[in-house]
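In case you want the letters, here they are:
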Amino acid sequence: MLDPKKLQEWRKKKGGFTLVEIIAVLVILAVLAAVAVPKYFDLADDAKEKAVEGALAEGMSVCSLAYARLAACRTLRFAQIPTGC
């Protein structure tokens, strides 16, 4: 087994990370960034497209509702039924 005193001394001697370890971490982060960034931009573009589609659908719904109300008022007027149209 390891002697706790020797282990503590070894930890004190080892001051930090080696250059190879730091470069390895940087390479891994670069690869992850190269994969993640394009996917993020694709998701952002898709979200913008869906927002525009939603706004267009809402506009079409409002127009359809307005047309239905107008048609109902005209139909009721021709039938000689008193309404608030």
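Structure first, text after, so check above.
Here we summarise the structure given alongside this text. (Residues numbered from 1 in each chain as written. Predicted model: local features only at pLDDT ≥ 70, side-chain atom pairs only at ≥ 80, totals over all residues. Heavy atoms only, no water.)

A word on the overall build of the chain. Scanning the chain from terminus to terminus reveals 2 helices and 0 strands. When the accessible surface of the chain is summed, it comes to about 8,200 Å², and 69% of that surface belongs to carbon and sulfur atoms. (Helix = DSSP H or I, 4+ residues; strand = E, 2+ residues; numbered from the N terminus. Areas by Shrake-Rupley, 256 points an atom, 1.4 Å probe, with all protein chains shown as cover.)

What follows concerns a nonpolar patch on the surface. A contiguous nonpolar patch, built from Phe17, Ile22, Val25, Leu26, Ile28, Leu29 and Leu32 and spanning about 730 Å² of accessible area, is present on the exposed surface. Inspection of the secondary structure puts Leu32 in helix H2 (residues 19–78). (Patch = residues over 30% accessible without salt bridge, like charges linked within 9 Å, V, L, I, M, F, W, Y side chains within 5 Å. Salt bridge = Lys/Arg side-chain N within 4 Å of Asp/Glu carboxyl O.)

Once that is clear, we can look at the pattern of salt bridges. Overall, the coordinates contain 1 salt bridge when judged by the stated rule. Two residues, Glu53 and Lys50, come together in a salt bridge whose shortest N-O distance is 3.8 Å. On the criterion of helical spacing, the pair formed by Glu53 and Lys50 is a turn pair, its members being 3 residues apart in helix H2. Note on Glu53: relative accessible area 45%, which makes it partly exposed. With a relative accessible area of 57%, Lys50 lands in the exposed category. (Buried < 20%, exposed > 50% of the residue type's maximum accessible area, 1.4 Å probe, protein only.)

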